[in-house]
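Summary of structural features
Here is what each chain is made of, one letter per residue.
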Amino acid sequence: MFIQTEATPNPATLKFIPGRTVLDGGTMEFTSREAASRSPLAEKLFSVPGVTGVFYGSDFVTVTKDDSDWQHLKPAILGAIMEHYMSGAPLLADGSAGSDEATDEADEFFSEADAETVDMIKDLIETRVRPAVANDGGDITFRGFKDGIVYLNMKGSCAGCPSSTATLQHGIQNLLRHFVPEVVEVRPM
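The sections below set out a description of the structure shown in this document. (Residues numbered from 1 in each chain as written. Predicted model: local features only at pLDDT ≥ 70, side-chain atom pairs only at ≥ 80, totals over all residues. Heavy atoms only, no water.)

Things to note about the pattern of salt bridges
Which entries qualify depends on this criterion: A carboxyl oxygen of Asp or Glu within 4 Å of a side-chain nitrogen of Lys or Arg is what we treat as a salt bridge. Only protein chains enter the accessibility calculation, which uses a 1.4 Å probe; a residue is then buried when its area is under 20% of its type maximum, exposed when over 50%, and partly exposed in between.
Evaluated as defined, the whole model comprises six salt bridges. Between Lys15 and Glu6 there is a salt bridge; the shortest N-O distance is 3.8 Å. Under the relative-accessibility criterion, Lys15 is labelled buried at 7%. Taking relative accessible area as the criterion, Glu6 reaches 34% and is therefore assigned partly exposed. One salt bridge in this structure joins Asp139 and Arg130, with 2.7 Å as the shortest N-O distance. Exposure class is identical for Asp139 and Arg130. Each is buried. Linked by salt bridges that have partners in common, Glu126, Arg130 and Asp139 make up one network.

So, in structure tokens, the structure goes:
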């Protein structure tokens, strides 16, 4: 098994590509050892000293570290990913193939009067923003819309990335304002 690695815009996050499907649909994020208990792979990765976050995309895993050196972490992370896939163990302990999307949608907030605007915003995020962000090992999901402000949740390599503010304010905000005049600002949540 050959696992590729790619740098991300976030120097604390590295993207690992195992050459097979990781998650059938959506994304999953684990920000603590406790949250990782539902995934054997995430648990193994959190057992590597220095790992602070794990994120699953369709065909990649991103791992976020503390101030440890990638040179020391990378072999242990590669080993954990390889061991997981060679064992044939399920991605999630309960055998499901779930993602965080149902939880994300349940937490959304916006006025019913803004439903049409929100549909346009979500469509733009889905078709123009998420594919580009996935290439960088992360994800951005819609959280809410109120008083012209779009609230987005940044995951994976996007969470805590030094360039995420610029991406939000210059890239995503400009895109949304261009196509949806009701949008005045974009903020992370």
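Here's the deal with the pairing of strand β8 (residues 149-156)
Stated precisely, the cut-off is as follows: In this text, helices come from DSSP runs of H or I with a minimum length of four residues, and strands from runs of E with a minimum of two, each type numbered from the N-terminal end. Following DSSP output, two strands are said to pair if at least two bridges run between them.
Counted residue by residue, β8 has eight buried out of eight residues, so it is predominantly covered. Counting the residues in the hairpin turn of strand β7 (residues 138-146) and β8 gives two residues, including Asp147, whose phi is positive at 55 degrees. Where β8 meets strand β9 (residues 185-188), four bridges bridge the pair, whose relative direction is parallel. Following the sheet pairing, Ile149 is matched in β9 by Glu185.

With respect to the sheet that holds strand β2 (residues 13-17)
The strands that make up a sheet pair up through hydrogen bonds in the backbone, lying either parallel or antiparallel. Applied cut-off: Axis geometry follows a simple rule: fit a line to the C-alpha atoms, using only the stretch in contact for helices, then measure angles between N-to-C directions, giving values from 0 to 180 degrees. The contact criterion used is simple: two residues touch if any of their non-hydrogen atoms lie within 4.5 Å.
One open sheet holds the five strands; their spatial order is β1-β2-β5-β4-β3, and the pairing between them is antiparallel. With one partner strand each, in any of the chains shown, β1 (4-7) and β3 (28-30) form the two edges of the open sheet. The average undirected angle you get between the axes of adjacent strands in this sheet is 20 degrees. Taken together, the four bridges between β1 and β2 define a ladder with antiparallel strand orientation. Note that in β2 the partner of Glu6 across the bridge is Lys15. Contacting β1, β2, β4 (51-56) and β5 (61-65), helix α2 (residues 70-87) runs over the sheet at an angle of about 30 degrees to β2.

Focus on the packing of aromatic side chains
Spelled out, the test is: What counts as a ring pair is set by centres within 6.5 Å for rings of Phe, Tyr and Trp (its six-membered ring), and what kind of pair is set by the plane angle: stacked under 30 degrees, edge-to-face over 60, tilted for all other angles. Counting as a charge over the ring demands two things of the Lys NZ or Arg CZ atom: a distance within 6 Å of the ring centre and an angle within 35 degrees of the ring normal.
In the structure shown here, the tally under the stated rule is four aromatic pairs. Consider the rings of Phe30 and Tyr56, whose centres lie 5.2 Å apart with planes at 70 degrees: the pair is edge-to-face. Here Tyr56 lies in strand β4 and Phe30 lies in strand β3, a separation of 26 residues in the sequence. Each ring, one from Phe110 and one from Phe142, has its centre 6.2 Å from the other, and the planes form 65 degrees; the classification is edge-to-face. Separated by 32 residues along the polypeptide, Phe110 in strand β6 (residues 109-110) and Phe142 in strand β7 bring together distant segments of the chain. Judged by its relative accessible area of 6%, Phe142 is buried. Sitting over the ring of Phe60, Lys15 keeps its end group 4.7 Å from the ring centre.

Digging into the sheet that holds β8
Pairing is mixed across the open sheet formed by four strands, whose spatial order is β6-β7-β8-β9. Two strands lie at the open edges of the sheet, namely β6 and β9, each paired on one side alone. Contacting β6, β7 and β8, helix α4 (residues 115-135) runs over the sheet at an angle of about 165 degrees to β7.

Regarding the environment of Val54
As for its position among the elements, Val54 is in strand β4. Take Val54: its relative accessible area is 2%, and that puts it in the buried class. Considering only alpha carbons, one finds Val54 and Asn10, 44 residues apart in sequence, at a separation of 14 Å. With residues near it in sequence (within four places) discarded, Val54 still touches Met28, Glu29, Phe30, Ala42, Leu45, Phe46, Val61 and Thr62.

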